[in-house]
Every structure is written in C-alpha cells, then in structure tokens.
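Chain by chain, the residues run as shown.
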Amino acid sequence: MPYEVFLAFRYLRSRNKRRLARATSIAAILGICMGVAALIVAFALSNGFRDEMRDKILQGTAHLSVLRTDGTAIGNYSELASRVKQVEGVVSASATTFDGALARGPKDTGYAVIRGIEKDAAQSTEKRWLREGSFGPVTETLPTDLPNAVVGVDLAARIGVSVGDDFQIISASDSKMHRLHVAGTFRSGLFEYDSTWIYVGMETASEFVGNSHAATVLSVQVNDPDNVREVSANISKALGNSYTIVDWQQANQPLFAALALERRMGLFIIGLIIAIATLNITTMLILVVVERRRDIAILNALGATRAGVMMVFIIEGAVIGAIGAVTGVILGFVVCVIGNHYKLVSLPADVYSISNVPLIPKPGEMFLAALVAFVLSVLATIYPARAASRLRPVEALRDS
C-alpha cells in the first residue's frame, strides 16, 4: 500500500485528532451528505412535476391538432381522418370541437368548455378517466330528450350536479340556453380539465357551433409523443398548405420553459450549498496541517516528496467527500421513497393544476449529484495540501 494512502486513513482514524478538527470533519461529511440529498430530492421533485404535468396533458389533449389555415370548420373530417391515419407513426385521428360555455346547476354557475368527441375517442377516454356513469350515452342514441354529457368532477361539485341530473349551459357560439343530462363524471387529475370540461357527442357539439357536420379540430395521437415533430412534418406534406398543424410541445412551450428555468435555478442554488459545505473540508485540513506539522516535517526529512505530502491530504479530503456523497445518495433516495409512500408533496390543485407530485429519482442524476460533490471536495483540498507540502522541516521541528 502506498504510504500516502496509509497515512491518509491513519489520520482519519486517529484518536489523537483535536476535537475541533474532528468536529469539522463530521460537519464536512454531514454538510456534503445533506447537500447531495437535497440535490437528489430537487432533481426528483422536478422530474415528478414535469412528468406528471406532461402525462396529464397528453392524456387529455391531442399529440397533434390539425386545423384549417383559414380558421373555418373542417367539414370533411371523416375523409381527412382517413388520410391522416395512413401517415406512418399515427395511431388514431378523430374529430373534436371546443366551445366556451356557461354551466348552470342548482348550486352555482361556472365557466365550462364543451368538448365534442367521437365514439372511439370516448371509449379511450372512459378507460382512463371515468369516475362514475359512462361515456357510452354521449355518443349513442339518446334514451331521453336531452343530450347526454360527462362532466369533470370539480365542475360537477361546483354547480351541484351528479349522475342522472340535468343542468343548463349557454354556449358561446350561439348564445342560446341548452339543457344537458349528466351521464357520468370524470377525473383526469389535472384541475384545469376537471374544473371546466364537459364531454358531449360530436353531433351535439357541432350543433352548438352551427354546423352539424363540421369539426373545429382533428385530434391526432402518435406512437412516440417525443418524436411528434417528425410525424407532424409528414402529415403536413400529406395534407398540403390548407391545414395548420400544432403539436403538444408547441402548445405547451411556455409551461415547460418555465419548468426548465425553475429547475435550473433550484439546482444552481443547491449546488452553491454543496460548494459551501465542501469549504468545511478546507477548514478541517488546515487544522490537520497545523496539528501535523511535526509529522510533515519528519516525512520531508525522511525523503517524502512534495507531491507525496500533498497526496496524503488530498486523499483524506477525498475520502471525506466520498463518504458524504454516498451517504447523501442513500439519504436522498430514502427521502424520495418515503415521500412517495406517504404522498408528502401535496399541492393546491387550483394553483398548480395537480394535487400530488411524485418524487422520481433517476440513477444518472443521483450519480451526477454524487460526482459533483466529490469533485468539489477534492478541489477543496488543494490549498491546504499545497500548504502542507511547502512546510520546511527545520522550521516545523523548531516550532513544534
């Protein structure tokens, strides 16, 4: 074993180390541990919030939205959907409409978005979100004189309706009052949808906008949402310049840009905390150098090189940094597991759109946090290690 490694571990285990130096060593380990754990939790929280928002958005909206360039309704949406489905990467294409409305129930009145959907889209949405009732009556022959609707749970609670009740809406398109029958309620997990959306059949929604055979948007789902722009380019080539295509990344760019900025700033601040924690290593090693002046002088007198003396203290600081980084990774992962089990990160849904954020630690990010802490720890040893290597044996022995 090289003498540098032997002496570094010997100094770490030494019982004769002064209390101040020992306390500083412990503080350095704890500081790095807490900094790495905080960085991992911050990574996991950012991942969880971004992924949760992304999943909720993709569940409720199209990966691609096809609209007419002139802003008019799509009258031949069945034919258009057939053409889009032939494009490689497209899973499904269905017509939909969006129309603002005022919903009025026995309890209160609230803003609503009337969304018309076709039968296939209704069946897909029902599997994911349905809480009570069924999406089926929305797109089937009506057993009553009133059109059926599936209402978001938060909107239903606000206006005071449940499955089997009737309520009134005033459509923004025709400014007329219509009555709807509640066939079911849904919960998407995204407050923006649950508090405003009302699903109705495509024919019902089209009548509200004044054309029973037209749709405002063609909703397209693709195999890989992350590769949506390539599919968008292929659809654009197939349809020509008469249609405009908006993908989910473009539609939600401000949201994800804000999340990315928040992530960078949070990680920068926590990185500064780790850097400050590593300064404890510098303080500790300076105390050790002062304490070991006699030992350093003897090593120099025996022929130890300056590089060898430097390496002793660099290894000592690196070991402390490694211990702090490893324990920080373990602590951060345990905090994430406990946080997910007890759902500790709860948010007001009306402010953040989602009520709970999962903590999603990723191995690559945990390794990065530990590596950053370790590198900073090694850098913190350079000054005291150089100071130790420059001690003159005669002066050190005379002063000791």
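Residues numbered from 1 in each chain as written. Predicted model: local features only at pLDDT ≥ 70, side-chain atom pairs only at ≥ 80, totals over all residues. Heavy atoms only, no water.

### Remarks on unusual backbone geometry
Then step 1. Even without glycine at this site, S175 takes up a positive phi of about 55°.
Then step 2. In this structure, S175 sits in the loop between β6 (166-171) and β7 (177-186). (Helix = DSSP H or I, 4+ residues; strand = E, 2+ residues; numbered from the N terminus.)

### What to know about a nonpolar patch on the surface
Then step 1. Together, L261, M265, F268, I269, L272 and I273 make up an exposed nonpolar region whose accessible area comes to about 580 Å².
Then step 2. Mapping L261 onto the fold places it in helix α11 (residues 253-291).
Then step 3. The class of L261 is partly exposed, set by a relative accessible area of 46%. (Patch = residues over 30% accessible without salt bridge, like charges linked within 9 Å, V, L, I, M, F, W, Y side chains within 5 Å. Areas by Shrake-Rupley, 256 points an atom, 1.4 Å probe, with all protein chains shown as cover. Salt bridge = Lys/Arg side-chain N within 4 Å of Asp/Glu carboxyl O. Buried < 20%, exposed > 50% of the residue type's maximum accessible area, 1.4 Å probe, protein only.)

### Section: the nonpolar core
Then step 1. Grouped together as the largest cluster of nonpolar side chains are 44 residues, with contacts concentrated most on L64, V66, V84, Y199, L218, V220 and I235.
Then step 2. If we skip the residues at most four places from it in the chain, L64 touches L218, S219, V220, V222, V228, V231, S232, I235, I245, V246 and D247.
Then step 3. Judged by nonpolar contacts, the second largest core, of 38 residues, contains V289, I314, A369 and A388. (Core = buried A, V, L, I, M, F, W, Y, C linked by side-chain atoms within 4.5 Å. Contact = heavy atoms within 4.5 Å.)

### Overview of the pattern of salt bridges
Then step 1. The tally for this structure, following the rule as stated, stands at seven salt bridges.
Then step 2. D247 serves as the salt-bridge partner of R229, at 3.8 Å between the closest nitrogen and oxygen. Of this pair, R229 sits in helix α9 (residues 228-239) while D247 is found in strand β10 (residues 243-247), placing the two residues 18 residues apart along the sequence.
Then step 3. The partner of R263 in a salt bridge is E365, with the nearest N and O atoms 2.8 Å apart. Here the residue R263 occupies a position in helix α11, and E365 occupies one in helix α15 (residues 363-380), the gap between them amounting to 102 residues. One exposure class covers both R263 and E365, and it is buried.

### Overview of the packing of helix α13 (residues 306-342) against helix α16 (residues 382-389)
Then step 1. The N-to-C vectors of α13 and α16 enclose an angle of 140°; their axes lie 8 Å apart at closest approach. Viewed along their axes, α13 and α16 form a crossing whose handedness is right-handed. Contact residues: α13 offers R306, V309, M310, F313 and I314, while α16 offers A385, R386, A388 and S389.
Then step 2. Classifying every residue of the contact of α13 with α16 gives six nonpolar, one polar and two charged. (Axes fitted to C-alpha atoms, helices over the stretch in contact; angles between N-to-C directions. Left-handed = near helix turned anticlockwise from the far one by under 90°. Nonpolar A, V, L, I, M, F, W, Y, C, P; charged D, E, K, R; others polar.)

### A closer look at the packing of aromatic side chains
Then step 1. Per the counting criterion, the structure on display carries eight aromatic pairs.
Then step 2. On the basis of an interplanar angle of 35° and a centroid distance of 6.1 Å, the ring pair of W129 and Y193 is categorised as tilted. Of the two residues, W129 sits in helix α4 (residues 119-129) while Y193 sits in helix α7 (residues 191-194), which places them 64 residues apart along the sequence. An identical accessibility class is assigned to W129 and Y193; each is buried.
Then step 3. A ring pair is formed by W248 and F256, whose centres lie 5.9 Å apart and whose planes are at 80°; its orientation type is edge-to-face.
Then step 4. Relative accessible area serves as the criterion here: at 18%, F256 is assigned to the buried category. (Phe/Tyr/Trp six-rings, centres within 6.5 Å; stacked < 30°, edge-to-face > 60°.)

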